[in-house]
Amino acid sequence: MTAYMDHKDLANEVIDQARAQEITDGVHRVLDRIASAESAAGRAAGSVQLLAATKTRDVGEILAAIDAGIRVIGENRPQEITVKADGLAKRLGERGHSLGVIDAAEADTANAAAATHIPFHLIGQLQANKIGKVLPVVDTIESVDSIELAEKIARRATMRGITVGVLLEVNESGEESKSGCAPSHAIDLAQRIGAMGGLRLQGLMTIGAHVDDERTIRAGFAHLRRTRDQILASGAEGTADCTELSMGMTHDMAYAIEEGSTIVRVGTAIFGERAFI
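Right, let's walk through the structure included here. (Residues numbered from 1 in each chain as written. Predicted model: local features only at pLDDT ≥ 70, side-chain atom pairs only at ≥ 80, totals over all residues. Heavy atoms only, no water.)

1. Some points on the overall build of the chain
The criterion, for reference: Secondary structure elements follow DSSP: runs of H or I no shorter than four residues count as helices, runs of E no shorter than two count as strands, and numbering proceeds from the N terminus. Only protein chains enter the accessibility calculation, which uses a 1.4 Å probe; a residue whose area is less than 20% of its type maximum is buried, one above 50% is exposed, and one in between is partly exposed. For every accessible area listed, the method is Shrake-Rupley and the probe measures 1.4 Å; residues are considered covered only by the protein chains on display. Working convention for charge: Lys and Arg count positive, Asp and Glu count negative, and His plus the chain ends are omitted. Each charge is placed at NZ for Lys, CZ for Arg, CG for Asp and CD for Glu.
When helices and strands are counted, the chain shows 10 helices and 10 strands. If you line up the chain on its principal axes, its C-alpha atoms span 50 × 45 × 40 Å. Buried positions account for 49% of the 277 residues belonging to the chain. About 12,600 Å² of surface is accessible on the chain, with carbon and sulfur atoms providing 48% of the total. Each charge class in the chain was averaged separately, 29 positive and 39 negative side chains, and the resulting centres sit 2 Å apart.

2. With respect to the side chain of Glu 80
Where we set the bar: In this analysis, two residues are considered to be in contact whenever any of their non-hydrogen atoms come within 4.5 Å of each other.
By secondary structure assignment, the location of Glu 80 is in helix H3 (residues 78-94). For Glu 80, the residues in contact, after removing those within four places along its chain, are Tyr 4, Met 5, Leu 10, Thr 54, Lys 55, Thr 56, Arg 57 and Glu 75.

3. Let's talk about the pattern of salt bridges
What counts, and what does not: A pair is scored as a salt bridge if a Lys or Arg side-chain nitrogen falls within 4 Å of a carboxyl oxygen belonging to Asp or Glu.
Here the structure, examined in full by the defined rule, presents 16 salt bridges. Across the pair Glu 75 and Lys 84 runs a salt bridge whose closest N-O atoms are separated by 2.5 Å. Lys 84 gets classed as buried once you look at its relative accessible area, which sits at 0%. For Lys 178, the salt bridge goes to Glu 175, with nearest N and O atoms at 2.4 Å.

4. Side note on unusual backbone geometry
Its identity as a non-glycine residue notwithstanding, Thr 56 has a phi of 70 degrees, on the positive side. Mapped onto the elements, Thr 56 comes out in the loop between strand E1 (49-53) and helix H2 (59-67).

5. A short note on the environment of Gly 165
With respect to the helices, strands and loops of the structure, Gly 165 is situated in strand E7 (residues 164-169). Leave out the neighbours within four places in its chain, and Gly 165 touches Asp 139, Thr 140, Ile 141, Arg 200 and Gln 202.

6. Overview of the packing of helix H1 (residues 17-40) against H2
A pair of packed helices can be characterised by two numbers: the angle between their axes and the separation between those axes. So the rule is basically this: Comment: axis = line fitted to C-alpha atoms, over the contacting stretch for helices; angle = value between 0 and 180 degrees taken between N-to-C directions. Roughly parallel refers to an angle under 35 degrees, roughly antiparallel to one over 145, roughly perpendicular to one between 65 and 115, and oblique to any angle outside these ranges. The hand of a helix crossing depends on one turn: near helix anticlockwise from the far one by less than a right angle means left-handed, and clockwise means right-handed. Only Asp, Glu, Lys and Arg are considered charged, only Ala, Val, Leu, Ile, Met, Phe, Trp, Tyr, Cys and Pro nonpolar, and every remaining residue, Gly among them, polar.
Interaxial distance between H1 and H2 falls to 8 Å at its minimum, and their mutual angle equals 45 degrees. In this view, H1 runs oblique relative to H2, as classed from their interaxial angle. In this structure, H1 meets H2 at a crossing whose hand is right-handed. The segment H1 lies against H2, with Arg 19, Ala 20, Ile 23, Thr 24 and Val 27 engaging Glu 61, Ala 64 and Ala 65. A per-class count over the contact of H1 with H2 returns 5 nonpolar, 1 polar and 2 charged.

7. Digging into the pairing of strand E10 (residues 263-266)
Condition: Any two strands between which DSSP finds at least two bridges are classified as paired.
Residues of E10 alternate between two faces, with Ile 263 and Arg 265 on one and Val 264 and Val 266 on the opposite face, all of them buried. Sheet analysis places E1 next to E10, joined by 4 bridges and oriented parallel. Looking at the pairing, Gln 49 lines up with Ile 263 of E10.

Okay, here's the thing in structure tokens:
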């Protein structure tokens, strides 16, 4: 178990009004920033989804963000998904929402049809031995960076009789500290993943270069967009839905939106600085 989980109860469902207001204000500020960036880039309002990155945030904090307008959440660690999923699903059900993958054997069909669905993404690295922990919950795994991992997810999904959304993670910056496949391999990998049963290739993901140079950051985002466009243009089996570009975080979302991002992953600007890493 990750060390900080010994010091914070991530299953906690109750926060005080002051903390809830901080989160509400954070969500509204970020939504305003996204709207401004969309307008500046000449893009349609609402063309960029805000994914709340909820690493180290407890159930109560996540619920406050959803109450404020968040409609997609993303976790970095499978351990956190396991701890939070049941409480989130229960409390969201009380609000008329459904979370992540609905188990058809247990769900009330009428209520499920009426619910507002809150997609649950895994945005951090996934080890093969944790696949079984996340598949019952998450709709989409954004951190698929190899054929080997994709094949293992596909096998588990097929065994469960489900289809899992995946994004191919590409290391556009070339930084050794970052995960992701090499940009030169992305088109081939995407086409091979698209042909796998049990998976739905939804797009590409990258983490922006950790530098101050705007041109360098933009170049990585622009290259990911061109790669996505080439994948779509190929017409290869299973690539027609490869439309998403998950790129941009708190510090570089405006650049990402101008370069074509469809999903920005934001934590700090919503919840404040993390007390734990």
